[in-house]
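Observations on chain architecture
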Amino acid sequence: MDSRVSTTRLRVRGYHLDGYGHVNNARYLEFLEEGRWGYFDDRPGLARRLMGGELAFVAVNLNIDYRQAAVAGDDLEILTRLSAVGGRSAKMSQEIRRVRDGALVSAATLTFVLLDVAANQAVPIEGEIRELLEPLVME
């Protein structure tokens, strides 16, 4: 697999389910966030730059397509990649796949901005952060 893609695995548990025995739609937000944390775990240089507390990536839009139901006991893979870097925002693309058959369970695109924490304002993606992000883009 391409090194620009991070893979996070998890097992669907009973507390993830809705009254119909499927993963509750809101739980996919948590699964996707787990995938994004894994993405940054795999890139410690980028994570260190953001851990200083001066800058943060902040989600401004998330679109999710639900394709198939996941149920208790399913092992899922969350595949996460950076798909675009613009002047003021960037996008991550994510897929959740069932391990046993590779079925696409859901696909999502997250748009985020770079926030100057002290000013509480979005700032351009430039300089060191841009240099760290650009090689990771995989359309």
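Up top is the structure.
Remember, it's a predicted structure, so these values are computed and weren't measured experimentally. (Residues numbered from 1 in each chain as written. Predicted model: local features only at pLDDT ≥ 70, side-chain atom pairs only at ≥ 80, totals over all residues. Heavy atoms only, no water.)

This brings us to helix α2 (residues 44-51). Within α2, the full set of buried residues consists of Leu 46, Ala 47 and Leu 50. With its buried residues spanning 100° around the axis, α2 presents them on a single face. For α2, exposure combined with an orientation more than 90 degrees from the buried face picks out Arg 48 and Met 51. On its buried face, α2 is in contact with α1 (27-41), β2 (55-66), β5 (104-116) and α3 (127-133). Gly 53 occupies a position one or two residues after α2 and carries a positive phi of about 90°. (Buried < 20%, exposed > 50% of the residue type's maximum accessible area, 1.4 Å probe, protein only. Helix = DSSP H or I, 4+ residues; strand = E, 2+ residues; numbered from the N terminus. Arc of directions from axis to C-beta. Contact = heavy atoms within 4.5 Å.)

Here the focus is the packing of aromatic side chains. Evaluation of the coordinates by the stated rule reveals 5 aromatic pairs. The interplanar angle of 55° and the centroid separation of 4.5 Å between the aromatic rings of Phe 57 and Phe 112 together place this pair among those described as tilted. Taken together, the residues Phe 57 in strand β2 and Phe 112 in strand β5 connect sequence positions 55 residues apart. Residue classification places Phe 112 among the buried positions, given a relative accessible area of 3%. Three or more aromatic residues link up through ring pairs in this structure, and these residues are Tyr 39, Phe 40, Phe 57 and Phe 112. The ring centre of Tyr 39 lies 3.8 Å from the NZ or CZ of Arg 43, which sits over that ring. (Phe/Tyr/Trp six-rings, centres within 6.5 Å; stacked < 30°, edge-to-face > 60°. Lys NZ or Arg CZ within 6 Å of the ring centre and 35° of its normal.)

Its location among the elements puts Arg 98 in strand β4 (residues 90-98). A polar side-chain atom of Arg 98 sits 3.1 Å from a polar atom in the side chain of Asp 101. Excluding its chain neighbours within four sequence positions, the residues that come into contact with Arg 98 are Gln 68, Ala 69, Asp 74, Asp 75, Leu 76, Ala 103 and Val 105. (Polar contact = N/O pair within 3.5 Å; in protein donor to acceptor, adjacent residues only side chain to side chain.)

With that out of the way, let us pick up the nonpolar core. Counting residues in hydrophobic clusters, the biggest one holds 17 residues, and the most contacted among them are Leu 82, Ile 125, Ile 129 and Leu 133. Taken together, the elements giving at least two residues each to this core come down to α1, α2, β3 (75-85), β4, β5 and α3. Leaving out residues up to four positions away in the same chain, Ile 125 has contacts with Val 85, Gly 86, Gly 87, Arg 88, Ser 89, Ala 90, Leu 114, Arg 130 and Leu 133. The next biggest cluster of nonpolar side chains, apart from the first, holds 13 residues, and it includes Leu 32, Ala 70, Leu 76 and Ala 108. (Core = buried A, V, L, I, M, F, W, Y, C linked by side-chain atoms within 4.5 Å.)

As defined by bridge partners, β3 adjoins β4 across 9 bridges and the pair is classed as antiparallel. Paired with Leu 82 across the strands is Met 92, a residue of β4. Hairpin connection from β3 to β4: 4 residues lie between these consecutive antiparallel strands. Note: β4 against β5, 8 bridges, orientation antiparallel. Within β5, the position partnered with Met 92 by the bridge is Leu 110. Between the end of β4 and the start of β5, which pair antiparallel, lie 5 residues, with Gly 102 showing a positive phi angle near 75°. (Pairing = 2+ DSSP bridges.)

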